Amino acid sequence: MPLTPFHIGPGLLIGEVFENKVNLISILFASILIDIRVIYCFFIGCTGRFHGPMHTFIGATVIALFIAIMVWSLKKPFKKITDIFKIQNSYSSSSIILGSFIGTWLHIILDSFMHSDIIPFWPIKSNFLLGMISNGTNYLLCTIALIIGLIIVTYRHLRKVNYKVQPK
Ligand SMILES: [Zn+2]
């Protein structure tokens, strides 16, 4: 990981700052779903590398495509959910694709800094990202991103509740 919930921070911040370019639902799903196998292995157990093929850029690309298709197919119900929370967000095809790829690839990069069993550039075996950023800094950056992201979401929500939707 960093523990799966920490990945929500960067996804939320990027999705909010680039609300017209990056679909928030896609980037949040993408930030988390990469860890499905890790969570399964942690609770149920599995053989082989703990992080496995999903923690490679090739695996992340496959997952990103899957998430992009899923969000694009379900964009009406997802939009209803974000509308309820008054989260203005682009649901264009490009923003869904961008969110899916940024989310999965950023997850791989952040995890590659801290886990020696990850082979991000498979089939190339080396991982030059390992140790480039300390675990503490990694967690700190994710936490700061989460706090800033939550502040932006809350601020925008309150502004729209109080002053109606502002045309952009
Ligand atoms: Zn992970």
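Below or above, wherever it landed, is the structure these notes cover. (Residues numbered from 1 in each chain as written. Predicted model: local features only at pLDDT ≥ 70, side-chain atom pairs only at ≥ 80, totals over all residues.)

## Focus on the overall build of the chain
- When its secondary structure is counted, the chain shows seven helices and zero strands.
- Along the chain, helices (α) and strands (β) appear in the sequence α-α-α-α-α-α-α when read from the amino end.
- At 17 Å, the chain has a C-alpha radius of gyration in line with the 15 Å of a compact globule built from 168 residues.
- For the C-alpha atoms alone, the extent of the chain along its principal axes is close to 55 × 35 × 30 Å.
- Here the chain, with 168 residues, has 36% of them falling under the buried criterion. (Helix = DSSP H or I, 4+ residues; strand = E, 2+ residues; numbered from the N terminus. Rg over C-alpha atoms; globule rule 2.2 N^0.38 Å. Buried ≥ 20, exposed ≤ 12 C-beta atoms within 10 Å, placed from the backbone.)

## Quick look at the packing of helix 1 (residues 8-17) against helix 2 (residues 24-33)
- Where helix 1 meets helix 2, the axes come as close as 9 Å, and the angle between the chain directions of the two elements is 165°. Put simply, helix 1 runs roughly antiparallel to helix 2. Remark: the crossing between helix 1 and helix 2 carries right-handed chirality. Counting all contacts with helix 1, which are made through Ile8, Pro10, Gly11, Leu12, Ile14 and Gly15, the residues of helix 2 involved are Leu24, Ile27, Leu28, Ser31 and Ile32.
- Looking at the contact of helix 1 with helix 2 residue by residue, the classes come out as eight nonpolar, three polar and no charged. (Axes fitted to C-alpha atoms, helices over the stretch in contact; angles between N-to-C directions. Parallel < 35°, antiparallel > 145°, perpendicular 65-115°, else oblique. Left-handed = near helix turned anticlockwise from the far one by under 90°. Contact = placed C-beta atoms within 7 Å. Nonpolar A, V, L, I, M, F, W, Y, C, P; charged D, E, K, R; others polar.)

## Points about helix 1
- Where burial is concerned, most of helix 1 is hidden: eight out of the ten residues are buried.
- Three or more residues of helix 1 are buried, namely Gly9, Pro10, Gly11, Leu12, Leu13, Ile14, Gly15 and Glu16.

## Topic: the packing of helix 2 against helix 4 (residues 57-73)
- Remark: helix 2 packs on helix 4, axes separated minimally by 10 Å, with the N-to-C direction vectors making an angle of 140°. One element, helix 2, and the other, helix 4, form an angle in the oblique class. The hand of the helix 2/helix 4 crossing is right-handed. Every residue of helix 4 that contacts helix 2 at Ile25, Ser26, Phe29, Ala30 and Leu33 is listed here: Ile63, Ala64, Ile67, Ala68 and Val71.
- Of the residues assigned to the contact of helix 2 with helix 4, the class counts are nine nonpolar, one polar and no charged.

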